[in-house]
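Structure at a glance
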Amino acid sequence: MSNIKVGDKVRFLNTTGGGIVRGFKGKDQVLVEDEDGFDIPALIRECVVVGGENEMQVHSSNRPKVQPQPQVQQSAPKPQPKQEEVKIEETAEGERMNIYLAYLPLEPTKVMQQSGYEAYFINDSNYYLFFNYMNRHNNSWVSRYNGLIEPNTKIFLEEFGKEDLNDLERICVQLIAFKKDKPYSLKNSISVELHLDTVKFYKQHCFMENDFFEEDAMVYPIVRNDVPERELLVSAADLKEAMYQKVQEDRRAPQTIVKKKSDSAVLEVDLHITELLDNTNGLSNADMLTYQLDKFHEILGKYANHKGQKIVFIHGKGDGVLRKAIEKELKTRYKQYYYQDASFREYGFGATMVTIK
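The text that follows walks through the structure, step by step, so that each part is easy to find. All values derive from a computational prediction rather than experimental measurement. (Residues numbered from 1 in each chain as written. Predicted model: local features only at pLDDT ≥ 70, side-chain atom pairs only at ≥ 80, totals over all residues. Heavy atoms only, no water.)

Judged by side-chain charge, Glu93, Asp124, Glu209, Asp211, Glu214, Glu215 and Asp216 come together as a negatively charged surface patch. Within the secondary structure layout, aspartate 216 lies in the loop between strand E13 (190–195) and strand E14 (218–224). (Patch = residues over 30% accessible without salt bridge, like charges linked within 9 Å, V, L, I, M, F, W, Y side chains within 5 Å. Areas by Shrake-Rupley, 256 points an atom, 1.4 Å probe, with all protein chains shown as cover. Salt bridge = Lys/Arg side-chain N within 4 Å of Asp/Glu carboxyl O. Lys, Arg positive; Asp, Glu negative; His and termini not counted. Charge placed at Lys NZ, Arg CZ, Asp CG, Glu CD. Helix = DSSP H or I, 4+ residues; strand = E, 2+ residues; numbered from the N terminus.)

Spelled out as structure tokens, the structure:
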């Protein structure tokens, strides 16, 4: 039976090196900490206990005939870090910090109600970041991940299931930015609290194409061009309250969204988001498009029984996203209606006229 104990200093018989015994692995192996601080598994029978002034105790039937020479300790020098090998590719735009959180479904091809999620932290800047990612629990905060991230990289934070979504309604990110071995512009330490609308995790269309992953993801900015976000998302309750407030304000002010032209029976509906909502802070492009289409459906539903009614939907020229979405709805959901480009003289290419049939 072996006499090796935790704390013994040993040398290896069949190779150079040795160290201090830090533990046992199974019945016939020990974990030896070498001079670099690494734990190395070794067979007990191939270890020699160095006994100080006493002669060595050999735990092997093959006792070495030649004493190990002192210079073997020099055969494994400590690896020296080579700073010149770490090359950080910096960009001009990277001097301004753009920091994001991203959430991806684990199984995007399955029904969203059955999938778990994974979270990532994205550092789109030339700075190293010490950061802490946490969620609010009752009146305190719980750190979910903390560490250091290199410039222009993304790292995996955690995997979680739908049962964890309630914990993510209030999250916070703290960070400190710096550079190594070079001068840099001082960045203030940042702490950003976010309100996540966890209902969106159940909707596949909320996971969208992005610049950081091949898969669709929900990507939320923490810092944009050095400016911290203060409220990334608007919860469903907050959005409902904002819509209610808008309706109340409209009751006290002249109606500008839907109006009858004085010289005809044509109705005008301005679908520009600035005409529909006073405040769009925290709304993504997809959120705004959904709200505009909801207004489009609301108006057509209201006048569905008004045969011959002409309605001009003002969508603007822009990049054509809203216009294409409206045309798709008219071709599929409202095939019975006639539609055409509205008067070019009055609206340019920025409006579509629908006739109720």
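Taken together, Phe130, Leu148 and Ile176 make up a surface patch of nonpolar side chains, about 280 Å² in accessible area. Position of leucine 148 among the secondary structure elements: in strand E10 (residues 140–149). Judged by relative accessible area, which is 39%, leucine 148 ranks as partly exposed. (Buried < 20%, exposed > 50% of the residue type's maximum accessible area, 1.4 Å probe, protein only.)

Here the focus is unusual backbone geometry. Residue asparagine 138 is not a glycine yet carries a positive backbone phi of 55°. By the secondary structure assignment, asparagine 138 is in the loop between strand E9 (128–137) and E10. Residue asparagine 138 is classed as exposed on the basis of its relative accessible area of 64%. Its identity as a non-glycine residue notwithstanding, asparagine 152 has a phi of 55°, on the positive side.

Formed by 32 residues in total, the largest nonpolar core has its most connected members in Met97, Leu101, Tyr103, Phe121, Tyr133 and Leu175. Mapped by element, the contributors of at least two residues to this core are strand E7 (98–105), strand E8 (117–124), E9, strand E11 (153–160), strand E12 (170–178), E13 and E14. The residues contacting methionine 97, other than those within four sequence positions of it, are Ser125, Tyr127, Leu129, Leu175, Ala177, Lys187, Ile190, Val223, Arg224, Asn225 and Asp226. (Core = buried A, V, L, I, M, F, W, Y, C linked by side-chain atoms within 4.5 Å. Contact = heavy atoms within 4.5 Å.)

Right, let's get into the sheet that holds E9. Read across the open sheet, the four strands follow the order E10-E9-E12-E13; overall the sheet is antiparallel. Of all strands in the sheet, those with a lone pairing partner are E10 and E13, marking the two edges. Ignoring which end each strand starts from, the neighbouring axes of this sheet average 20° apart. Bridge count for E9 against E10 is nine bridges, and the pairing is antiparallel. Within E10, the residue paired with asparagine 132 across the bridge is asparagine 146. (Pairing = 2+ DSSP bridges. Axes fitted to C-alpha atoms, helices over the stretch in contact; angles between N-to-C directions.)

Time to look at helix H3 (residues 285–302). Helix length check: H3 (18 residues) gives 26 Å between terminal C-alpha atoms against 26 Å at 1.5 Å per residue, within 8%. Inspection of H3 places Met288, Tyr291, Gln292, Leu293, Lys295, Phe296, His297, Ile299 and Leu300 among the buried residues, and these make up the whole buried set. (Expected span 1.5 Å × (residues − 1).)

This brings us to the sheet that holds E11. Spatially, five strands are ordered E11-E8-E7-E14-E15 in an open sheet, and the strand pairing comes out antiparallel. One side of each edge strand has no neighbouring strand; the edge strands of this open sheet are E11 and strand E15 (227–228).

As a further point, take the packing of aromatic side chains. Applying the stated rule across the entire model yields 19 aromatic pairs. Ring geometry for tyrosine 117 against phenylalanine 201: centres 5.2 Å apart, planes inclined by 85°, an arrangement best described as edge-to-face. Of this pair, tyrosine 117 sits in strand E8 while phenylalanine 201 sits in the loop between E13 and E14; the two residues are 84 residues apart in sequence, bridging distant segments of the chain. On the basis of relative accessibility, which here comes to 0%, the residue phenylalanine 201 falls in the buried class. With centroids separated by 5.6 Å and ring planes inclined at 75°, the aromatic side chains of tyrosine 120 and phenylalanine 156 adopt a geometry described as edge-to-face. Taken together, the positions of tyrosine 120 in strand E8 and phenylalanine 156 in strand E11 put the pair 36 residues apart, joining distant regions of the chain. Residue tyrosine 120 is classed as buried on the basis of its relative accessible area of 17%. (Phe/Tyr/Trp six-rings, centres within 6.5 Å; stacked < 30°, edge-to-face > 60°.)

Once that is clear, we can look at the environment of aspartate 216. By relative accessible area, aspartate 216 is classed as partly exposed at 41%. On a C-alpha basis, the gap between aspartate 216 and glutamine 204 in space is 9.0 Å, while along the polypeptide they are twelve residues apart. Only 3.4 Å separates the side chain of aspartate 216 from the backbone nitrogen of glutamate 209, close enough to count as a polar contact. (Polar contact = N/O pair within 3.5 Å; in protein donor to acceptor, adjacent residues only side chain to side chain.)

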